[in-house]
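Survey of secondary and tertiary structure
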Amino acid sequence: MFQLGKTIVSEEIIENDFVCNLNACQGQCCVDGNAGAPLDDDETEILVDIYAKVKPFLRPEGVAAIEEQGAFIKGEDGEWETPLIEGSECAYVIFSDNKMAKCGIEEAYNQGVITWKKPVSCHLYPVRVKEYTELTAVNYHKWEICDPACSLGEELKVPIYKFVKEALVRKFGEKWYAELEEVAKDHTK
(Lines give C-alpha, C1' and ligand atoms only; values in the text may rest on other atoms or scores of the structure.)
Protein backbone atom coordinates (compact mmCIF):
# COMPACT_ATOMS: atom_id res chain seq x y z
CA MET A 1 0.00 0.00 0.00
CA PHE A 2 1.09 3.57 -0.61
CA GLN A 3 -0.48 6.92 0.14
CA LEU A 4 -1.44 9.56 -2.45
CA GLY A 5 -2.94 12.58 -0.75
CA LYS A 6 -5.89 11.29 1.24
CA THR A 7 -5.96 7.92 -0.49
CA ILE A 8 -4.32 4.62 0.40
CA VAL A 9 -3.71 2.69 -2.81
CA SER A 10 -2.99 -1.01 -3.24
CA GLU A 11 0.06 -1.89 -5.33
CA GLU A 12 -2.13 -4.54 -6.94
CA ILE A 13 -3.59 -1.95 -9.32
CA ILE A 14 -0.05 -1.37 -10.63
CA GLU A 15 1.17 -4.98 -10.50
CA ASN A 16 -1.84 -6.71 -12.11
CA ASP A 17 -3.04 -6.45 -15.69
CA PHE A 18 -6.66 -6.17 -16.82
CA VAL A 19 -8.66 -5.44 -19.98
CA CYS A 20 -12.37 -6.27 -20.02
CA ASN A 21 -13.03 -9.18 -22.32
CA LEU A 22 -16.77 -8.86 -22.89
CA ASN A 23 -16.77 -11.60 -25.51
CA ALA A 24 -15.63 -14.03 -22.82
CA CYS A 25 -17.58 -12.85 -19.77
CA GLN A 26 -20.67 -11.38 -21.48
CA GLY A 27 -20.83 -8.59 -18.86
CA GLN A 28 -21.47 -10.93 -15.94
CA CYS A 29 -20.39 -8.26 -13.42
CA CYS A 30 -23.73 -6.51 -14.07
CA VAL A 31 -25.64 -9.75 -13.50
CA ASP A 32 -23.84 -11.77 -10.80
CA GLY A 33 -23.33 -10.85 -7.18
CA ASN A 34 -25.61 -10.21 -4.25
CA ALA A 35 -25.80 -6.41 -4.31
CA GLY A 36 -26.25 -3.57 -6.76
CA ALA A 37 -23.52 -1.23 -7.91
CA PRO A 38 -22.15 0.95 -5.07
CA LEU A 39 -23.18 4.61 -5.36
CA ASP A 40 -21.70 7.85 -4.05
CA ASP A 41 -24.18 10.12 -2.24
CA ASP A 42 -24.33 12.61 -5.15
CA GLU A 43 -25.01 9.79 -7.61
CA THR A 44 -28.32 8.99 -5.90
CA GLU A 45 -29.63 12.43 -6.92
CA ILE A 46 -28.28 11.98 -10.45
CA LEU A 47 -30.10 8.66 -10.84
CA VAL A 48 -33.39 10.29 -9.80
CA ASP A 49 -32.78 13.23 -12.17
CA ILE A 50 -31.92 11.10 -15.23
CA TYR A 51 -34.38 8.26 -14.71
CA ALA A 52 -37.05 9.58 -17.13
CA LYS A 53 -34.43 9.87 -19.89
CA VAL A 54 -32.87 6.46 -19.15
CA LYS A 55 -36.18 4.60 -18.74
CA PRO A 56 -36.75 4.07 -22.51
CA PHE A 57 -33.43 2.21 -22.68
CA LEU A 58 -34.30 -0.22 -19.88
CA ARG A 59 -36.02 -3.59 -19.94
CA PRO A 60 -39.56 -3.79 -18.52
CA GLU A 61 -38.36 -5.84 -15.55
CA GLY A 62 -35.72 -3.18 -14.79
CA VAL A 63 -38.31 -0.41 -14.97
CA ALA A 64 -40.60 -2.41 -12.66
CA ALA A 65 -37.79 -2.95 -10.14
CA ILE A 66 -36.87 0.74 -10.13
CA GLU A 67 -40.47 1.90 -9.86
CA GLU A 68 -41.05 -0.52 -6.98
CA GLN A 69 -37.76 0.01 -5.08
CA GLY A 70 -36.63 3.44 -6.27
CA ALA A 71 -33.79 4.65 -8.51
CA PHE A 72 -31.39 3.58 -5.74
CA ILE A 73 -31.61 1.64 -2.49
CA LYS A 74 -29.76 1.30 0.80
CA GLY A 75 -27.95 -2.03 0.77
CA GLU A 76 -27.52 -4.49 3.60
CA ASP A 77 -24.21 -2.81 4.44
CA GLY A 78 -25.97 0.55 4.87
CA GLU A 79 -24.44 1.99 1.68
CA TRP A 80 -26.30 3.28 -1.39
CA GLU A 81 -26.49 0.97 -4.41
CA THR A 82 -28.51 0.32 -7.55
CA PRO A 83 -31.61 -1.84 -7.13
CA LEU A 84 -31.68 -5.43 -8.36
CA ILE A 85 -34.27 -7.34 -10.33
CA GLU A 86 -35.54 -10.07 -8.00
CA GLY A 87 -32.22 -10.18 -6.14
CA SER A 88 -30.28 -10.89 -9.35
CA GLU A 89 -29.05 -8.50 -12.04
CA CYS A 90 -28.82 -4.72 -11.75
CA ALA A 91 -32.10 -3.01 -12.62
CA TYR A 92 -30.22 -0.84 -15.13
CA VAL A 93 -28.81 -3.79 -17.10
CA ILE A 94 -29.87 -4.39 -20.67
CA PHE A 95 -28.89 -7.20 -23.04
CA SER A 96 -27.62 -7.00 -26.60
CA ASP A 97 -28.91 -9.34 -29.31
CA ASN A 98 -26.10 -11.78 -28.48
CA LYS A 99 -27.12 -11.76 -24.76
CA MET A 100 -24.21 -9.57 -23.62
CA ALA A 101 -25.08 -7.54 -20.51
CA LYS A 102 -24.66 -3.80 -20.96
CA CYS A 103 -25.54 -0.72 -18.92
CA GLY A 104 -28.76 1.04 -19.89
CA ILE A 105 -27.44 4.27 -18.36
CA GLU A 106 -24.28 4.05 -20.46
CA GLU A 107 -26.37 3.32 -23.56
CA ALA A 108 -28.35 6.54 -22.97
CA TYR A 109 -25.02 8.36 -22.51
CA ASN A 110 -23.56 6.84 -25.70
CA GLN A 111 -26.61 8.00 -27.64
CA GLY A 112 -26.26 11.56 -26.30
CA VAL A 113 -29.46 11.51 -24.25
CA ILE A 114 -27.66 12.17 -20.94
CA THR A 115 -24.24 13.54 -20.00
CA TRP A 116 -23.49 11.16 -17.09
CA LYS A 117 -21.77 7.93 -18.17
CA LYS A 118 -22.69 5.56 -15.31
CA PRO A 119 -21.97 5.10 -11.60
CA VAL A 120 -18.29 5.68 -10.95
CA SER A 121 -18.02 2.30 -9.18
CA CYS A 122 -18.97 0.58 -12.45
CA HIS A 123 -16.61 2.77 -14.45
CA LEU A 124 -13.76 1.98 -12.03
CA TYR A 125 -14.21 -1.78 -11.98
CA PRO A 126 -12.09 -3.86 -11.09
CA VAL A 127 -10.96 -1.06 -8.77
CA ARG A 128 -13.08 -0.63 -5.66
CA VAL A 129 -13.05 2.51 -3.54
CA LYS A 130 -14.00 2.59 0.14
CA GLU A 131 -14.39 5.89 1.98
CA TYR A 132 -13.22 6.06 5.59
CA THR A 133 -13.25 9.03 7.97
CA GLU A 134 -9.74 10.23 7.20
CA LEU A 135 -8.72 8.31 4.08
CA THR A 136 -10.08 6.59 0.99
CA ALA A 137 -8.92 3.05 0.17
CA VAL A 138 -8.31 2.21 -3.50
CA ASN A 139 -8.12 -1.56 -4.02
CA TYR A 140 -8.23 -4.24 -6.67
CA HIS A 141 -11.30 -6.47 -6.48
CA LYS A 142 -10.40 -9.88 -7.90
CA TRP A 143 -13.39 -11.88 -9.14
CA GLU A 144 -13.14 -15.19 -11.00
CA ILE A 145 -15.62 -14.09 -13.67
CA CYS A 146 -12.95 -11.56 -14.68
CA ASP A 147 -10.22 -14.16 -15.22
CA PRO A 148 -10.50 -13.66 -19.01
CA ALA A 149 -9.95 -9.90 -18.46
CA CYS A 150 -6.82 -10.65 -16.46
CA SER A 151 -5.53 -12.92 -19.23
CA LEU A 152 -6.27 -10.34 -21.93
CA GLY A 153 -4.64 -7.63 -19.82
CA GLU A 154 -1.51 -9.77 -19.45
CA GLU A 155 -1.47 -10.47 -23.17
CA LEU A 156 -1.81 -6.76 -24.01
CA LYS A 157 0.40 -5.67 -21.06
CA VAL A 158 -2.14 -3.19 -19.68
CA PRO A 159 -1.97 -2.65 -15.92
CA ILE A 160 -5.25 -2.08 -14.09
CA TYR A 161 -4.51 1.57 -13.33
CA LYS A 162 -4.07 2.28 -17.07
CA PHE A 163 -7.20 0.34 -18.02
CA VAL A 164 -9.32 2.45 -15.65
CA LYS A 165 -7.47 5.75 -16.20
CA GLU A 166 -10.56 7.68 -17.32
CA ALA A 167 -12.51 6.51 -14.26
CA LEU A 168 -9.63 7.22 -11.83
CA VAL A 169 -9.30 10.74 -13.25
CA ARG A 170 -13.08 11.15 -12.96
CA LYS A 171 -12.97 10.09 -9.31
CA PHE A 172 -9.71 11.64 -8.08
CA GLY A 173 -8.58 14.17 -10.71
CA GLU A 174 -5.72 14.60 -13.19
CA LYS A 175 -3.15 15.61 -10.56
CA TRP A 176 -3.84 12.51 -8.47
CA TYR A 177 -3.55 10.27 -11.53
CA ALA A 178 -0.26 11.91 -12.57
CA GLU A 179 1.09 11.14 -9.08
CA LEU A 180 -0.10 7.54 -9.44
CA GLU A 181 1.79 7.25 -12.74
CA GLU A 182 4.98 8.45 -11.03
CA VAL A 183 4.56 5.89 -8.25
CA ALA A 184 3.94 3.19 -10.87
CA LYS A 185 7.14 4.12 -12.75
CA ASP A 186 9.19 3.88 -9.56
CA HIS A 187 7.42 0.70 -8.44
CA THR A 188 8.04 -1.19 -11.67
CA LYS A 189 11.77 -0.34 -11.90
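What comes next is a walk through the structure. (Residues numbered from 1 in each chain as written. Predicted model: local features only at pLDDT ≥ 70, side-chain atom pairs only at ≥ 80, totals over all residues. Heavy atoms only, no water.)

Here we take up the packing of aromatic side chains. Counted by the stated rule, this structure contains 5 aromatic pairs. Measuring from centroid to centroid gives 5.1 Å for Phe72 and Trp80, while their planes differ by 90°, and the two rings are edge-to-face. Residue Trp80 is classed as partly exposed on the basis of its relative accessible area of 26%. Geometry around Trp80 places Lys74 over its ring, the cationic atom sitting 4.4 Å from the centre. (Phe/Tyr/Trp six-rings, centres within 6.5 Å; stacked < 30°, edge-to-face > 60°. Buried < 20%, exposed > 50% of the residue type's maximum accessible area, 1.4 Å probe, protein only. Lys NZ or Arg CZ within 6 Å of the ring centre and 35° of its normal.)

Residues Val9, Ile13, Val127, Tyr161, Leu168, Trp176 and Leu180 are the most contacted members of the largest nonpolar core, which totals 27 residues. Elements with a minimum of two residues in this core: strand S1 (2-4), helix H1 (12-15), helix H6 (120-124), strand S8 (136-140), helix H7 (147-156), helix H8 (160-163), helix H9 (165-172) and helix H10 (174-187). Residues Leu39, Tyr92, Cys103 and Trp116 belong to the second largest nonpolar core, which totals 21 residues. (Core = buried A, V, L, I, M, F, W, Y, C linked by side-chain atoms within 4.5 Å. Helix = DSSP H or I, 4+ residues; strand = E, 2+ residues; numbered from the N terminus.)

We now examine the environment of Phe72. Tracing the sequence through the fold places Phe72 in the loop between helix H4 (60-69) and strand S3 (73-74). Here the alpha-carbon distance between Phe72 and Thr44, two residues 28 residues apart in the chain, equals 6.2 Å. The residues touching Phe72, leaving out its near neighbours within four places in the chain, are Leu39, Thr44, Leu47, Val48, Trp80, Glu81 and Pro83. (Contact = heavy atoms within 4.5 Å.)

Here we take up the pairing of S8. In terms of burial, S8 is largely enclosed, as 4 of its 5 residues are buried. Pairing between strand S2 (residues 7-9) and S8: 3 bridges, direction parallel. Of the residues in S8, the one forming a bridge with Val9 is Val138. Bridge analysis of strand S7 (residues 127-131) against S8 gives 5 bridges, and the strand direction is antiparallel. When the bridges of S8 are listed, Val129 appears paired with Val138. Hairpin connection of S7 to S8: 4 residues between the antiparallel strands. (Pairing = 2+ DSSP bridges.)

Time to look at the environment of Glu45. Residue placement: Glu45 occurs in helix H3 (residues 41-54). Along the primary structure Glu45 and Ala108 are separated by 63 residues, whereas in three dimensions their C-alpha atoms are 17 Å apart.

This brings us to a negative patch on the surface. The grouping of Asp41, Asp42, Glu45 and Asp49 at the surface amounts to a negative patch. Looking at where Asp42 falls in the secondary structure, it is placed in helix H3. (Patch = residues over 30% accessible without salt bridge, like charges linked within 9 Å, V, L, I, M, F, W, Y side chains within 5 Å. Areas by Shrake-Rupley, 256 points an atom, 1.4 Å probe, with all protein chains shown as cover. Salt bridge = Lys/Arg side-chain N within 4 Å of Asp/Glu carboxyl O. Lys, Arg positive; Asp, Glu negative; His and termini not counted. Charge placed at Lys NZ, Arg CZ, Asp CG, Glu CD.)

Here we take up the sheet that holds S2. An order of S1-S2-S8-S7 is seen for the 4 strands of this open sheet, with the pairing classed as mixed. With partners counted over all chains shown, the strands left at the sheet margins are S1 and S7, one partner each. Neighbouring strand axes in the sheet, compared pairwise and without regard to direction, differ in orientation by 25° on average. (Axes fitted to C-alpha atoms, helices over the stretch in contact; angles between N-to-C directions.)

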